[in-house]
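Coordinate analysis (summary)
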Amino acid sequence: MKIVPVLLAGGSGTRLWPLSRKSYPKQFSALTAPESLFQASARRLSGPGFAPPLVITGADFRFIVTDQLAQAGLPSGDVLIEPAGRNTAPAVLAAALWLLARDPEALMLVAPSDHAIPDADAFVRTVQGGVDAALAGQLVTFGITPARPETGYGYIELGPDTGAPARPVARFVEKPDAARAARMLAATGYLWNAGIFLFSPRTIVEAFRTHAPDLLAPVEAAVRDAAADLNFFRLAPDAWDKVADISIDHAIMERADNIVCVPFAAGWSDLGDWDAVGRETGSDTAGNALTGAATALDCTHSLLRSDDPALEVVGLGLSNMLVVATRDAVLVADRARAQDVKQAVTALRAKQAPQAEEFPWEHRPWGRFETLALGPRFQVKRIVVKPGGVLSLQSHHHRAEHWIVVEGTAQVTIGETVKLVSENQSVYVPLGEVHRMENPGKLPMVLIEVQTGSYLGEDDIVRYEDVYSRGQGAKG
């Protein structure tokens, strides 16, 4: 019997702005360790007893998922593409129906891909403690022994201790106020709700049939009519549009009577805000959490972080502050307001600031690029193409391009001409000319692109061929 990790990788994590944004959310970032949270989650749930993960994500992140698994040397299972985010209940049901048709005897371990669990071995042992209950047809959840009266998490109230690893669940408790959280911490018998579950596909599908039957038909249709796209599977959009937006807790866990919980006490964080990141980062003797090019002078209990090595963050005389700097945005906030950072994203969206959702670096299946300079009729980009990466065969209606290779070698197609362009060599792509660029080497290839023209938007791309099957549009 294998356990199939079901990694939920579609969230946006606005409370960790400016590091987490819609175009590249926190699960794909290295917040507290060299690996991304997604990579750490996949690694934690790999090895003996685990099948390759089933990942559920959005279309914009599908190549990031497979690239990060490959970079980490981890196996990739199926990747299901949600046409739109519909919360956790539809995603879990889609995964269960997918597995029910392919590996019905497996157990599925549903886990967010953006949590930090430092002791992976202890967590795997805890998961094993829930296997017998899951095989017996129960819905198993994993609760975290609370370390403080936390108001940002929901709680699980445990039932009587039966001596088994998995204890009955009396009820789920919504996020409490500070006074109630303190009472629950003192009372014991309450655990933080981590949103991690173990059950068989058949058990959870039956739970949906009993407690959330309205979700069954549209999700079944979305899974049944899923379309293969390279190594991905796109859930059918017409059926998915009819799916309600609801969490697994509200749809199932708060209603079912066959739920048990296995406690976990070896350290966990959902890294839901900068205060949580600060706790996981560790502090100096004055309680300051410093990351990157950051210096604290006469500061106490503050988080200072620079994610751009060329940008020095210096705090002077700060107390209980958050200062997070990226290349294009800086957050300065009272540490007590960490849960409210998403308000900054809302305000930036209202003023149509690109920093609300987009990074300077834009990721593509072939690599990434950033804009270095932008004027009314010109744009300068740095483009990095990964080994074997191939841009689409394309043309533009409104711009010409000049490419200068600064690292590696590019194979360039312009019209009918195909040639190699090495470091310090350049080529010109006239307006309207069909062209393509690829990296035939074994190291990343870097070039500087200078665009000139009347319109420089990413949607001025006409694709004729694309090895990534993206279709038309800026990202496809």
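What you see is a predicted model; the values in this text were computed from it and never measured. (Residues numbered from 1 in each chain as written. Predicted model: local features only at pLDDT ≥ 70, side-chain atom pairs only at ≥ 80, totals over all residues. Heavy atoms only, no water.)

Examining the overall build of the protein chain
The number of helices and strands found in the protein chain is twelve helices and 28 strands. Its C-alpha radius of gyration of 24 Å places the protein chain within 12% of the 23 Å reference for a compact globule of 476 residues. Along the first, second and third principal axes, the C-alpha atoms of the protein chain reach 75 × 60 × 40 Å. Residues counted as buried form 51% of the 476 residues belonging to the protein chain. Within the protein chain, contacts between residues separated by at least 24 positions form 68% of all contacts whose residues are at least 6 apart in sequence. (Helix = DSSP H or I, 4+ residues; strand = E, 2+ residues; numbered from the N terminus. Rg over C-alpha atoms; globule rule 2.2 N^0.38 Å. Buried < 20%, exposed > 50% of the residue type's maximum accessible area, 1.4 Å probe, protein only. Contact = heavy atoms within 4.5 Å.)

Overview of the environment of Pro18
With respect to the helices, strands and loops of the structure, Pro18 is situated in the loop between strand E1 (3–8) and helix H1 (37–44). With a relative accessible area of 0%, Pro18 lands in the buried category. Sequence separation between Pro18 and Val341 is 323 residues; the distance between their C-alpha atoms is 9.2 Å. The contact partners of Pro18, leaving out residues within four places of it in the chain, are Val324, Thr326, Ala329, Leu331 and Phe359.

Some details on the domain arrangement of the protein chain
Structurally, the protein chain comprises domain 1 (3–264), domain 2 (284–351) and domain 3 (361–465). The C-alpha-based centres of domain 2 and domain 3 are spaced at 35 Å. (Domains from an automatic or database assignment.)

Describing the packing of aromatic side chains
Applying the stated criterion across every chain, the model contains 13 aromatic pairs. Geometrically, the ring pair formed by Phe63 and Phe232 is edge-to-face, given 5.2 Å between the ring centres and 85° between the ring planes. Taken together, the residues Phe63 in helix H2 (residues 62–71) and Phe232 in strand E10 (residues 232–234) connect sequence positions 169 residues apart. Of the residues examined, Phe232 reaches a relative accessible area of 3% and is grouped as buried. Look at Trp98 and Phe233: their rings are 4.8 Å apart centre to centre, the planes differ by 55°, and that puts the pair in the tilted class. Here Trp98, found in helix H3 (residues 88–102), pairs with Phe233, found in strand E10; they are 135 residues apart in sequence, far enough to count as distant. When its relative accessible area of 22% is taken as the criterion, Phe233 is described as partly exposed. Members of the aromatic cluster, connected to one another through ring pairs, are Tyr24, Phe28, Phe38, Phe61 and Phe359. Over the face of the ring belonging to Phe369 we find Lys381, whose NZ or CZ atom lies 4.1 Å from the ring centre. (Phe/Tyr/Trp six-rings, centres within 6.5 Å; stacked < 30°, edge-to-face > 60°. Lys NZ or Arg CZ within 6 Å of the ring centre and 35° of its normal.)

Section: a nonpolar patch on the surface
A cluster of nonpolar side chains, namely Leu297, Val314 and Leu316, defines an oily patch on the protein surface of about 300 Å² accessible area. Its location among the elements puts Leu316 in strand E15 (residues 313–316). (Patch = residues over 30% accessible without salt bridge, like charges linked within 9 Å, V, L, I, M, F, W, Y side chains within 5 Å. Areas by Shrake-Rupley, 256 points an atom, 1.4 Å probe, with all protein chains shown as cover. Salt bridge = Lys/Arg side-chain N within 4 Å of Asp/Glu carboxyl O.)

Let's talk about the UniProt feature "domain: Mannose-6-phosphate isomerase type II C-terminal" (unreviewed entry) in the protein chain
This chain's UniProt record puts "domain: Mannose-6-phosphate isomerase type II C-terminal" (unreviewed entry) on residues 363–466. Within residues 363–466, the helical portion is 0% and the strand portion 59%, while the C-alpha atoms at the span's ends are 16 Å from each other. (UniProt positions renumbered as here; feature names shortened; annotations may be inferred.)

Focus on the layout of surface pockets
Unoccupied space between atoms shows up once a probe the size of one water molecule is rolled over them. Roughly 930 Å³ of volume is contained in the second largest pocket. Looking at the second largest pocket, it is lined by 33 residues, and the ones nearest its centre are Tyr24, Phe28, Trp361, His363 and Arg368. With six residues, the top contributor of residues to the lining of the second largest pocket is H2. Class assignment of the residues belonging to the lining of the second largest pocket gives a composition of 14 nonpolar, eight polar and eleven charged. (1 Å grid on protein atoms, 1.4 Å probe; cavity = no way out; pocket = protein on both sides within 12 Å on 5 of 7 lines; lining within 4 Å. Points joined across faces, edges and corners; volume = space filled by probe spheres on them. Nonpolar A, V, L, I, M, F, W, Y, C, P; charged D, E, K, R; others polar.)

Description of the environment of Ser422
Its place among the elements puts Ser422 in the loop between strand E24 (417–421) and strand E25 (426–429). Classification of Ser422 as partly exposed rests on a relative accessible area of 31%. Ser422 sits 23 residues away from Met445 along the chain, and the two C-alpha atoms are 9.6 Å apart. When sequence neighbours within four positions are dropped, the list of residues in contact with Ser422 reads Val405, Gly408 and Thr409.

Looking at the side chain of Ser41
Among the secondary structure elements, Ser41 is positioned in helix H1. Looking at Ser41, the relative accessible area reads 1%, which means it is buried. Beyond its immediate chain neighbours, meaning those up to four positions away, Ser41 contacts Leu7, Pro112, Ser113, Asp114 and His115.

Some points on the sheet that holds strand E22 (residues 399–407)
Pairing is antiparallel in the open sheet, where six strands are placed in the order E18-E19-E20-E27-E22-E25. Only two strands of the sheet have a single partner each, and these edge strands are strand E18 (361–364) and E25. Each strand of the sheet is rotated relative to its neighbour by a mean of 25°, with strand direction disregarded. Bridging between strand E20 (residues 378–385) and strand E27 (residues 445–453) involves eight bridges; their strand directions are antiparallel. Looking across to E27, one finds that Ile383 is bridged to Leu447. (Pairing = 2+ DSSP bridges. Axes fitted to C-alpha atoms, helices over the stretch in contact; angles between N-to-C directions.)

What about the pairing of strand E19 (residues 367–374)?
Sheet faces and side chains relate simply in a regular strand, where the side chains alternate between the two faces. Note that E18 and E19 share four bridges and pair antiparallel. By the bridge assignment for E19, His363 is matched with Arg368. Two successive antiparallel strands, E18 and E19, enclose a turn made up of two residues. Note: E19 against E20, seven bridges, orientation antiparallel. Residue Ala373 lies in a different strand from E20, and its bridge partner there is Val380. Turn length for the E19-E20 hairpin, with the two strands adjacent in sequence and antiparallel, is three residues.

With respect to the pattern of salt bridges
Counted under the stated rule, the structure contains 24 salt bridges. Across the pair Glu458 and Lys381 runs a salt bridge, and its minimum N-O distance is 2.3 Å. Of this pair, Glu458 sits in the loop between E27 and strand E28 (462–465) while Lys381 is found in strand E20, placing the two residues 77 residues apart along the sequence. For Glu458, a relative accessible area of 18% puts it in the buried group. Given a relative accessible area of 4%, Lys381 falls into the buried group. A cluster of three or more residues bridged by salt bridges with shared partners is formed by Arg148, Glu150, Asp275, Arg279 and Arg335.

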